[in-house]
Amino acid sequence: SNYHFAGWKYWGPVESTSDALEENVGTVYPAGSKFEYLPGYDNDTIQFEAQWDPNTVSISYDANGGTGTMAGAT
């Protein structure tokens, strides 16, 4: 619950020697982007891994008329 979906990391074909499929190995495709599969490789199984980024919260302090300051935090 402390992470959000960031996209997919392409790990390439499972059992293929296709250079066309292996050239983008390691590429992260952000959520909502397209991955175009090359025609002619219909029988290849390709691998993707979900990428998750941690959610962050920024905290700031208000002295509400008081004195002194305190640095914010993330």
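Here, every reference points to the structure presented above.
A quick note: this is a predicted structure, and the numbers were derived from the prediction, not measured. (Residues numbered from 1 in each chain as written. Predicted model: local features only at pLDDT ≥ 70, side-chain atom pairs only at ≥ 80, totals over all residues. Heavy atoms only, no water.)

1. Some details on the overall build of the protein chain
Argument step 1. Within the protein chain, the regular secondary structure consists of one helix and three strands.
Argument step 2. The order of α-helices and β-strands along the protein chain, N terminus first, is β-α-β-β.
Argument step 3. Burial analysis of the protein chain (74 residues in total) assigns 14% to the buried set.
Argument step 4. Considering only intrachain contacts with a sequence separation of at least 6, the fraction spanning at least 24 residues in the protein chain is 53%.
Argument step 5. A total accessible area of about 6000 Å² is found for the protein chain, and carbon and sulfur atoms account for 49% of it. (Helix = DSSP H or I, 4+ residues; strand = E, 2+ residues; numbered from the N terminus. Buried < 20%, exposed > 50% of the residue type's maximum accessible area, 1.4 Å probe, protein only. Contact = heavy atoms within 4.5 Å. Areas by Shrake-Rupley, 256 points an atom, 1.4 Å probe, with all protein chains shown as cover.)

2. Overview of the side chain of glutamine 51
Argument step 1. In this structure, glutamine 51 sits in strand E3 (residues 46-54).
Argument step 2. Owing to a relative accessible area of 19%, glutamine 51 belongs among the buried residues under this scheme.
Argument step 3. Looking at glutamine 51, its side chain comes within polar contact range of the main-chain oxygen of glutamate 49, at 3.3 Å.
Argument step 4. If we skip the residues at most four places from it in the chain, glutamine 51 touches His4, Phe5, Ala6, Gly7, Trp8, Lys9 and Val28. (Polar contact = N/O pair within 3.5 Å; in protein donor to acceptor, adjacent residues only side chain to side chain.)

3. Overview of the packing of aromatic side chains
Argument step 1. Evaluated as defined, the whole model comprises three aromatic pairs.
Argument step 2. Judged by centre distance (5.3 Å) and plane angle (65°), the rings of phenylalanine 5 and tryptophan 8 are edge-to-face.
Argument step 3. Looking at phenylalanine 5, the relative accessible area reads 31%, which means it is partly exposed.
Argument step 4. Judged by its relative accessible area of 41%, tryptophan 8 falls in the partly exposed class.
Argument step 5. Ring centres of phenylalanine 5 and tryptophan 52 lie 5.4 Å apart, and the angle between their planes is 70°; this geometry places the pair in the edge-to-face category. Pair noted here: phenylalanine 5 is in strand E1 (residues 3-13) and tryptophan 52 is in strand E3, with a separation of 47 residues, a long-range link.
Argument step 6. Through a chain of ring-to-ring contacts, the aromatic side chains of Phe5, Trp8 and Trp52 assemble into a single cluster. (Phe/Tyr/Trp six-rings, centres within 6.5 Å; stacked < 30°, edge-to-face > 60°.)

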